[in-house]
Amino acid sequence: MQRKYLLLPLLLLLAACSPNTPPLTNSTLSNDEPVVRKHPKNIILMIGDGMGLTQITAGLYKNGNKLNLEKFPIVGLQKSYSGDNLVTDSAAGATAFSAGVKTYNGAIGVRMDSTAVKTILEEAEERGMATGMIATSTIVHATPAAFIAHVKSRNDYEDIAADFLKTNIDFFVGGGKSYFDKRKDGRDLIGELRSKNYFVSSTDEEDLTKVAVDFNRNFAFFTADADPAPVSKGRDYLTPATKLATLFLEKKSDKGFFLMVEGSQIDWGGHGNNSDYIISEMIDFDKAIGAALDFAKEDGETLIVITADHETGGYAINTGSTMDNIIPGFTTKSHTAVLIPVFAYGPGSELFGGIYENTAIYDKMRLAFGF
Ligand code: MG
Ligand code: ZN
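Conventions adopted
Every chain is numbered on its own, with residues counted from 1 as its sequence reads. Lettering of chains starts at A and numbering of ligands starts at 1, both following the order in which they are written. This being a predicted model, a pLDDT of at least 70 is required before a residue's local features are given, and a value of 80 or more before pairs of side-chain atoms are given or counted; all residues contribute to the totals for chains, interfaces and linings. Just so you know, side-chain values use all the structure's heavy atoms and leave hydrogens and water out. Burial classification: accessible surface area is computed with a 1.4 Å probe over protein chains only, and a residue below 20% of its type maximum counts as buried, one above 50% as exposed, and the rest as partly exposed. Helix and strand definitions here come from DSSP, where helices need a minimum of 4 consecutive H or I residues and strands a minimum of 2 consecutive E residues; each element is numbered from the N-terminal end. Two strands are said to pair when DSSP picks up at least two bridges between them. Shown as donors are all N, O and S atoms within 2.8 Å of a metal ion, widened to 3.2 Å for Na, K and Ca; because water is not in the atom set, sites may appear incomplete. We call a set of buried Ala, Val, Leu, Ile, Met, Phe, Trp, Tyr and Cys residues a nonpolar core when their side-chain atoms join them within 4.5 Å. Definition used for salt bridges: Asp or Glu carboxyl oxygen within 4 Å of a side-chain nitrogen of Lys or Arg. Note on patches: the residues involved have over 30% relative accessible area and no salt bridge, like charges join within 9 Å, and the nonpolar side chains Val, Leu, Ile, Met, Phe, Trp and Tyr join within 5 Å. All accessible areas in this document rest on Shrake-Rupley with a 1.4 Å probe, and a residue is counted as covered only by the protein chains that are shown. Note on charges: Lys and Arg go in the positive column, Asp and Glu in the negative column, and His and the chain ends are not counted at all. Charge placement uses NZ in Lys and CZ in Arg. For Asp and Glu, CG and CD serve respectively. For a four-donor site, all angles between 85 and 135 degrees give tetrahedral; for four or six donors, opposite pairs above 155 degrees with the remaining angles between 65 and 115 give square planar or octahedral; all remaining cases count as irregular. As a rule, the C-alpha atoms of each element are fitted with a line to give its axis, helices using only the stretch in contact, and angles between N-to-C directions run from 0 to 180 degrees. With respect to orientation, any angle under 35 degrees is reported as roughly parallel, any angle over 145 as roughly antiparallel, any angle of 65 to 115 as roughly perpendicular, and every other angle as oblique. In this scheme the crossing of two helices becomes right-handed for a clockwise turn of the near helix relative to the far one and left-handed for an anticlockwise turn of less than a right angle. The contact definition used throughout considers only heavy atoms, calling two residues in contact when any of these lie within 4.5 Å. Throughout, the ten residues Ala, Val, Leu, Ile, Met, Phe, Trp, Tyr, Cys and Pro are labelled nonpolar, Asp, Glu, Lys and Arg are labelled charged, and all others, Gly among them, are labelled polar.

### Structural notes on the pairing of strand 13 (residues 340-345)
In terms of residue burial, strand 13 counts as a mostly covered element, since six of its six residues are buried. Side chains of strand 13 alternate between two faces, with Ile 340, Val 342 and Ala 344 and Pro 341, Phe 343 and Tyr 345 buried alike. Note: strand 2 (residues 74-79) against strand 13, five bridges, orientation antiparallel. Bridge assignment links Val 75 to a residue of strand 13, and that residue is Phe 343. Strand direction decides the pairing type here: strand 8 (residues 302-307) and strand 13, joined by three bridges, are antiparallel. Paired with Ile 306 across the bridge in strand 13 is Phe 343.

### A short note on the coordination of the magnesium ion (ligand 1)
Within the first shell, the magnesium ion (ligand 1) binds the protein through Asp 49 (OD), Thr 143 (OG1) and Glu 262 (OE), at distances of 2.0 to 2.2 Å. In the primary structure, the donors to the magnesium ion (ligand 1) are separated according to the pattern D-x93-T-x118-E. Remark: Glu 262 occurs in strand 7 (residues 257-263) and Thr 143 occurs in helix 5 (residues 142-148); sequence separation between them is 119 residues. With respect to burial, Thr 143 and Glu 262 carry one shared label: buried.

### Side note on the nonpolar core
Counting 52 residues, the largest nonpolar core has Leu 45, Phe 147, Phe 164, Phe 172, Phe 180 and Phe 258 as its most contacted members. Of the residues forming this core, the biggest block, six residues, is contributed by helix 12 (residues 359-369). Counting 48 residues, the second-largest nonpolar core is a separate cluster that includes Leu 259, Ile 266, Phe 295 and Ala 296.

### Some remarks on helix 12
Since the α-helix turns once every 3.6 residues, residues separated by three or four places project in the same direction. With respect to burial, helix 12 is a largely interior element, 10 of its 11 residues being buried. What helix 12 keeps buried is the set Thr 359, Ala 360, Ile 361, Tyr 362, Asp 363, Lys 364, Met 365, Arg 366, Ala 368 and Phe 369. Gly 370 sits one or two positions beyond helix 12 and adopts a positive phi of about 85 degrees.

### A closer look at the pattern of salt bridges
The final tally for this structure, using the stated rule, is 16 salt bridges. We note a salt bridge from Lys 177 to Asp 181, for which the minimum N-O separation is 3.1 Å. A single network of salt bridges, built from pairs that share partners, joins Lys 177, Asp 181, Lys 182 and Asp 225.

### Notes on a negative patch on the surface
On the surface, Glu 250, Asp 294, Glu 298 and Glu 301 cluster together into a negatively charged patch. By the element assignment, Glu 301 lies in the loop between helix 11 (275-299) and strand 8.

### Some remarks on the coordination of the zinc ion (ligand 2)
At the metal site, the zinc ion (ligand 2) is ligated by Asp 267 (OD), Asp 267 (OD), His 271 (NE2) and His 335 (NE2), and these contacts range over 2.1 to 2.3 Å. Given four donor atoms and angles of 57 to 152 degrees at the metal, the environment of the zinc ion (ligand 2) is assigned as irregular. Between consecutive donor residues of the zinc ion (ligand 2), the sequence gaps follow D-x3-H-x63-H. Of the two residues, Asp 267 is situated in helix 10 (residues 266-271) and His 335 in strand 12 (residues 335-336); the sequence distance between them amounts to 68 residues. Look at His 335 and you get buried, because its relative accessible area is 12%.

### Topic: the packing of helix 9 (residues 238-252) against helix 11
Orientation of helix 9 relative to helix 11, taken along the N-to-C sense of each, is 25 degrees, at an axis distance of 8 Å. It follows that helix 9 is roughly parallel to helix 11 by the angle criterion. You can see that helix 9 and helix 11 cross each other, and the crossing is right-handed. Contacts between helix 9 and helix 11 involve Leu 238, Thr 239, Thr 242, Lys 243, Thr 246 and Glu 250 from the first element and Asp 284, Phe 285, Lys 287, Ala 288, Ala 291, Ala 292, Phe 295 and Asp 299 from the second. Of the residues contributing to the contact of helix 9 with helix 11, the split by class is six nonpolar, three polar and five charged.

As structure tokens, this is what we get:
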């Protein structure tokens, strides 16, 4: 009698352990990963492009010695190197988060051998969850691209834009409208989005905060034809877009949502070795973090994970600096390979302490969701 009931689970276990069974995921998690105490319904992944510890520190001091980041109880560190370079770029960095693979610099949602790898955003879509992305660069730039597109090179912006039509992403806000409506191949992706039941608008037509949102349609809003302006030149949509996204995605599906929010231009300040540019973008990103945190606190079922793809500039705060007057130093106009901080809040956040590979962010998010 007893034996009969044991046989089926034993057979299933043997089948699962068979060497012919391919692994279900790209997981690099070890067996001693902590058990998730409570699964989050929603995950908000926030990426500060080029946001190393110095970028955070400079933003903190110039913001009156406070940041919303300080409210995150769990802090970890991740190793940002890519599949072909100790110093990653944003494409390989974002593909590590989106799909759990170390790939070559420049790769968008593809492995070392250029084959497509499924992303967590696509998996969330398949499971009937709502999905969204916000960036302060173009929406086809490397970081957001790696969550939705599969192309060999980050420079193939028109191909990346075309891949937006292959998913059902519910909400996206960012620049780069020209890659959708002024294309070499003549396709009108704005028209194609509208015929796929998207509301599409742009800052040319109306203010994002004044849009009459239709929750029965998907939402696409372009903040520029090409790159959006820096925050110092008047860009101010990251926080309202984050608030709108959480409200919108929560209503869109009762199965939960995955939202990626990028503070894209912290990196551009680093490339320019421009400390003021870094700091203003860092503080802008932190305001959006505050909006996400307000939502997560109220909601109680949302995990927020904040990290960067890499550090940019070899940025340092040199001797003679005060909190009000940062005296910066830079070692490079490019990226560096320093360990990158990770901050987590909400159910599942306990997974994010410690030191681990950048690809483990993907593994831990899936583990938190219970995928
Ligand atoms: Mg980026
Ligand atoms: Zn960069």
